[in-house]
Amino acid sequence: MGDILHVLDMLAWFPENISTYGAELDNLFAIIYWVSVAIFFLTFGILGYLLVKYRYSPDRKGYNYHGNNLVEVTWTILPTFLFAAIGLYSDDIWERTKYSKRVPQADVEIIVLGKTFGWTFLYPGSDGKFGRNAYTDRTARHLMSTTNIFGIDSTDPTGMDDFTTENQFRVPVNSNIVVRGSSIDVLHSFFLPHARVKQDVVPGTWMNIWFNLFKTGDYELACAELCGGGHYSMRAEYKVVSMADYDTWLDKKNAEAKAARSPQSLPAAPADTVAVASH
Ligand SMILES: [Cu+2]
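Residues numbered from 1 in each chain as written. Predicted model: local features only at pLDDT ≥ 70, side-chain atom pairs only at ≥ 80, totals over all residues.

### Digging into the sheet that holds strand β6 (residues 188–192)
As a general point, the strands of a sheet are linked pairwise by backbone hydrogen bonds and lie either parallel or antiparallel. Heads up, the rule is: Each pair of strands is called paired provided DSSP finds at least two bridges between the two strands. To qualify as a helix, a DSSP run of H or I must reach at least 4 residues; to qualify as a strand, a run of E must reach at least 2; elements of each kind are numbered from the N terminus. Each axis is a line fitted through C-alpha atoms, taken for helices only over the stretch in contact, and angles between the N-to-C directions span 0 to 180 degrees. The contact criterion used is a C-beta to C-beta distance within 7 Å, with each C-beta placed from the backbone.
Strand order in the open sheet formed by 5 strands is β4-β10-β9-β6-β7, with mixed pairing between adjacent strands. Of all the strands in the sheet, the pair left with one neighbour each is β4 (168–172) and β7 (197–201). When strand polarity is set aside, the average angle formed by the axes of neighbouring strands in this sheet is 25 degrees. Running at roughly 135 degrees to β4, helix α4 (residues 243–261) makes contact with β4 and β10 (235–241) of the sheet.

Here it is, written out as C-alpha cells:
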C-alpha cells in the first residue's frame, strides 16, 4: 500500500521549498490533492463496478429511469460542503500571502516588468527609495517608452542610485522581499517555484508580491502564462545571498548606476552626428 501511495504521490515532484510560507501552501496543496485522488478512485471505482454488474445479459430487461431526488440532492450538497470547507480552511494562508493589505513591511523592494520575452528589474539602490517613476508616481507614466520602460524621471536626485537588471535579480536571505510587478505588453506570470510564488502580472496595473526566503542559492524565475511564441524562453535566474553579500552587490551596482548617469561619462558626440542623423 505504501508503495502504491508513493507512486501516486506527485507532490514529491515539487522543487525544494525555500519560502517561509511554503510549507503551509504545500500542506494545503497536499490536502486538496489527496481529496481529489480519493474522489477520483471513489467515482471511477463505482463506475467500474456498475459497468461490470450491469453488463449485457440476455435475460435482463432494460428499463427507463427518471432520476432519484435523494441521490441528486446528496451529490449537490456534499461537494458544496467540501468546497466551502476547503475555502474556509485556506482563507488564512491565502490572505497572508496574497492580500495587498497584508503585505509586510519591506526589507527590500523591487519593481519588475514582464515583457515578451524577458524580465527587467528596478532596484531602489542603497537609499532604499525609488526615484520618481511610473510606479511611484502615476503622473510619470507618460515617461514610459521602449527605452525607459519604468518611466524613470532622470531629473529626480532620489533615483540617481536606482539601477536595473535584466533577466536576473538578487535578494538577501531571511528578509521580506516585496515585488511590485506589471507588464509592458501582455499577461505574464511571475513564477518562483522554489519560493512557492506565482502571480500574474497585468499591463496597466501593479501587483503586490511578497516572499521571505530562508535558504541561499541559485534559483529560477519562469513565466507561467502562455504569452507568445517565445514564452518557453521567458526565464530569469535569481540568487538568494547573505545580507553582507547583498550589500556588497548593491554598493557595486550603485556605483555603476551613478557613473553611468554622471555627465562626464557621456561620450562626446562628434560634431557631424546631428547633421548625419537629420538626413
Ligand atoms: Cu510571459
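### Details of the sheet that holds strand β3 (residues 163–166)
The sheet built from 5 strands is open, its strands ordered β3-β2-β1-β5-β8 with mixed pairing. This sheet does not close on itself; its edge strands, each paired only once, are β3 and β8 (207–212). Taken pair by pair, the neighbouring strands of this sheet meet at an average axis angle of 25 degrees, ignoring direction. With 7 bridges joining them, strand β1 (residues 108–115) and strand β5 (residues 176–183) adopt parallel strand pairing. Within the sheet, the bridge partner assigned to V112 lies in β5 and is G181.

### A word on the domain arrangement of the protein
Keep this limit in mind: Domain start and stop positions are those given by an automatic or database domain assignment.
Per the domain assignment, the segments of the protein are domain 1 (18–54 + 66–101) and domain 2 (103–264). Centre-to-centre, using C-alpha coordinates, domain 1 lies 36 Å away from domain 2. Facing the 7 residues of domain 1 at the interface are 11 residues of domain 2.

### Here we look at the pairing of β7
Relative to β7, β6 is paired through 5 bridges, and the arrangement is antiparallel. Looking at the pairing, L192 lines up with V197 of β7. Hairpin remark: β6 followed by β7, antiparallel, with 4 residues in the connecting loop; positive phi at R196, about 55 degrees.

### Some words on the environment of A23
With respect to the helices and strands, A23 occurs in helix α2 (residues 22–53). Along the backbone, A23 and I152 are 129 residues apart, and their C-alpha atoms lie at a distance of 38 Å.

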